Amino acid sequence: KIISKEKISEIDANNAIMEGCLQFLGELGVGKAGLIPVKEVYKDNQGVLKVNTKYVNEVKMSLGLIKEIKGSKVVVDTLSVSGTLKKAQQRYLEV
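Here the structure is a predicted model, which is why all the values come from computation and not from measurement.

Draft legend 1. Inspection of a nonpolar patch on the surface at higher detail. On the surface, a nonpolar cluster with roughly 280 Å² of combined accessible area is contributed by Phe-24, Met-61 and Leu-65. By secondary structure assignment, the location of Phe-24 is in helix α1 (residues 10-33).

As structure tokens, then:
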């Protein structure tokens, strides 16, 4: 979940997430983490990320370091971690 005064577009959110993870984990770390923003489930500044279970904590740390998206101050918060994408979408995005 991205907490911000402005609405953040899916493209801007995904770009900021990838950039933040690249800065913290590097290209090799992002590759090993298998970080993939799940498309078409982003709404109201919330979305789902697919990540290797061994890298969940590292990705959460990377997200916490994101402070600005397109000039807007933001806080990126992890609501929860789920074992499957379907459960995550049902519980947290009410898709």
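Structure shown, so let's carry the discussion forward.
Draft legend 2. Highlighting the packing of α1 against helix α2 (residues 56-64). It is the contact of α1 with α2, at a shortest axis distance of 8 Å, that shows an interaxial angle of 160°. By the angle class used here, α1 and α2 are roughly antiparallel. Once α1 is placed against α2, the crossing between them reads as right-handed. Contacts between α1 and α2 involve Ile-17, Gly-20, Cys-21, Phe-24, Leu-25 and Ala-33 from the first element and Glu-58, Val-59, Met-61, Ser-62 and Leu-63 from the second.

Draft legend 3. Inspection of the confidence of the model for the chain at higher detail. Averaged over all residues, the pLDDT of the chain is 89; the fraction at 70 or higher stands at 96%. Mean pLDDT across the elements of the chain ranges from a minimum in helix α3 (residues 85-93), with 74, to a maximum in α1, with 95.

Draft legend 4. Main features of the environment of Leu-79. Summarising the element assignment, Leu-79 is placed in the loop between β6 (75-76) and α3. Given the relative accessible area of 45%, Leu-79 is considered partly exposed. Through-space distance from the C-alpha of Leu-79 to that of Pro-37 is 15 Å; in sequence the pair is 42 residues apart. Excluding residues within four positions of it along the chain, Leu-79 makes contact with Lys-1 and Gln-46.

Rules used in this analysis
- Residues numbered from 1 in each chain as written.
- Predicted model: local features only at pLDDT ≥ 70, side-chain atom pairs only at ≥ 80, totals over all residues.
- Heavy atoms only, no water.
- Patch = residues over 30% accessible without salt bridge, like charges linked within 9 Å, V, L, I, M, F, W, Y side chains within 5 Å.
- Areas by Shrake-Rupley, 256 points an atom, 1.4 Å probe, with all protein chains shown as cover.
- Salt bridge = Lys/Arg side-chain N within 4 Å of Asp/Glu carboxyl O.
- Helix = DSSP H or I, 4+ residues; strand = E, 2+ residues; numbered from the N terminus.
- Axes fitted to C-alpha atoms, helices over the stretch in contact; angles between N-to-C directions.
- Parallel < 35°, antiparallel > 145°, perpendicular 65-115°, else oblique.
- Left-handed = near helix turned anticlockwise from the far one by under 90°.
- Contact = heavy atoms within 4.5 Å.
- pLDDT = per-residue confidence, 0-100.
- Buried < 20%, exposed > 50% of the residue type's maximum accessible area, 1.4 Å probe, protein only.

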